[in-house]
Amino acid sequence: AQSVTQPDIHITVSEGASLELRCNYSYGATPYLFWYVQSPGQGLQLLLKYFSGDTLVQGIKGFEAEFKRSQSSFNLRKPSVHWSDAAEYFCAVGAQGTGANNLFFGTGTRLTVIP
Amino acid sequence: NAGVTQTPKFRVLKTGQSMTLLCAQDMNHEYMYWYRQDPGMGLRLIHYSVGEGTTAKGEVPDGYNVSRLKKQNFLLGLESAAPSQTSVYFCASRQGATGNTIYFGEGSWLTVV
């Protein structure tokens, strides 16, 4: 069965600094990987996703993530954080196939941005 | 440009009361989901549906029932609310295969006192 670990519960960065949010997954085959962002009081919005091919994936709002099979990781990065990036970020892993119940979320990382 | 709409957005219930959360999607998606979100727990799947007239249990189904009488609607019911069901509930929908994006509603905040 799949599982997702986001080891950092809360991260604080200064505006303009770089950001890396960690995500480790457990899955026997090549997974589908996702990053979602949740602003306060809102639902989750997809930032980016990985299925196959280039292991560096570009997303919205200047985010990117890199799939590293050897490390079972899919870390999210942004070179320069903006105050509006303060939110909660969820990594998710999905199994290939068409089953409906095959997407698992991590417990989230809350990002605080200080001026 | 509605997407996934949940009603109500906020509700306070007394223990033992019943209520229904309504989810509506206008994207003609086959799959619909109900999740609950609790601090430190992430999102946990309650029930899901792969099409009109079908439902299935997720990770934490106890105390909830669901129905999908129409493709665009997915209802979540609490027959006898308990304080442990205080949570934020999210509805989501997806078109078919795993790789497609899941779209979320804005959430329903439920407090059971």
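Below, the structure is looked at part by part.

### Section: the state of the cysteines
So, point 1. Per the stated rule, a full pass over the model turns up two disulfides over all chains.
So, point 2. One disulfide in the model links A:Cys23 with A:Cys91; its S-S distance is 1.9 Å. The sign of the -65° torsion about the S-S bond sets the A:Cys23-A:Cys91 disulfide as left-handed. Of this pair, A:Cys23 sits in the loop between β3 (19–21) and β4 (24–26) while A:Cys91 is found in strand β10 (residues 87–94), placing the two residues 68 residues apart along the sequence. In this structure, A:Cys23 and A:Cys91 share a single accessibility class: buried.
So, point 3. One disulfide bridge connects B:Cys23 with B:Cys91, the sulfur atoms lying 1.9 Å from each other. Between B:Cys23 and B:Cys91 the disulfide shows an S-S torsion of about -75°. By sign, it is left-handed.

### Considering the packing of aromatic side chains
So, point 1. What the rule picks out here adds up to 16 aromatic pairs over all chains.
So, point 2. Between A:Phe105 and B:Tyr35, the aromatic rings sit 5.6 Å apart at their centres with planes inclined by 85°, giving edge-to-face as the arrangement. Of this pair, A:Phe105 sits in strand β11 (residues 103–105) while B:Tyr35 sits in strand β4 (residues 31–38), each in a different chain.
So, point 3. Cluster of aromatic residues (ring-pair linked, three or more members): A:Tyr32, A:Phe34, A:Tyr36, A:Phe51, A:Phe105, B:Tyr33, B:Tyr35, B:Tyr48 and B:Phe104.

### As for the environment of A:Gly16
Residue and element names in this part refer to chain A.
So, point 1. Tracing the sequence through the fold places glycine 16 in the loop between β2 (10–14) and β3.
So, point 2. Classification of glycine 16 by relative accessible area gives partly exposed; the value is 42%.
So, point 3. As a C-alpha pair, glycine 16 and isoleucine 114 span 98 residues in sequence and 9.5 Å in three-dimensional space.
So, point 4. Those residues within four positions of glycine 16 in sequence are excluded, and the remaining contacts are Pro79, Ser80 and Val81.

### Examining the interface of chain A and chain B
So, point 1. Each side of the interface is counted separately: chain A has 25 residues, and chain B has 25 residues.
So, point 2. For the pairing of chain A and chain B, the buried interface totals around 1800 Å² over both sides, and the portion due to carbon and sulfur atoms is 58%.
So, point 3. Our count for the contact surface shared by chain A and chain B stands at zero salt bridges.
So, point 4. There are three residue pairs in polar contact (both at pLDDT 80 or more) connecting chain A and chain B.

### Considering the sheet that holds strand β1 (residues 4–7) of chain B
Residues and elements named next belong to chain B.
So, point 1. Strand order in the open sheet formed by four strands is β1-β3-β8-β7, and the pairing between neighbours is antiparallel. Either end of the sheet is taken by a strand with one partner, and the two such strands are β1 and β7 (65–67). Direction aside, neighbouring strands of the sheet carry axes that sit 20° apart on average.
So, point 2. In the sheet, β1 pairs with strand β3 (residues 19–25) via four bridges, with the strands oriented antiparallel. Paired with valine 4 across the two strands is glutamine 25, which belongs to β3.

Procedures and definitions
Residues numbered from 1 in each chain as written. Chains lettered and ligands numbered in written order. Predicted model: local features only at pLDDT ≥ 70, side-chain atom pairs only at ≥ 80, totals over all residues. Heavy atoms only, no water. Disulfide = S-S within 2.5 Å. Helix = DSSP H or I, 4+ residues; strand = E, 2+ residues; numbered from the N terminus. Buried < 20%, exposed > 50% of the residue type's maximum accessible area, 1.4 Å probe, protein only. Phe/Tyr/Trp six-rings, centres within 6.5 Å; stacked < 30°, edge-to-face > 60°. Contact = heavy atoms within 4.5 Å. Buried area = accessible area lost by both parts, 1.4 Å probe. Salt bridge = Lys/Arg side-chain N within 4 Å of Asp/Glu carboxyl O. Polar contact = N/O pair within 3.5 Å; in protein donor to acceptor, adjacent residues only side chain to side chain. Pairing = 2+ DSSP bridges. Axes fitted to C-alpha atoms, helices over the stretch in contact; angles between N-to-C directions.

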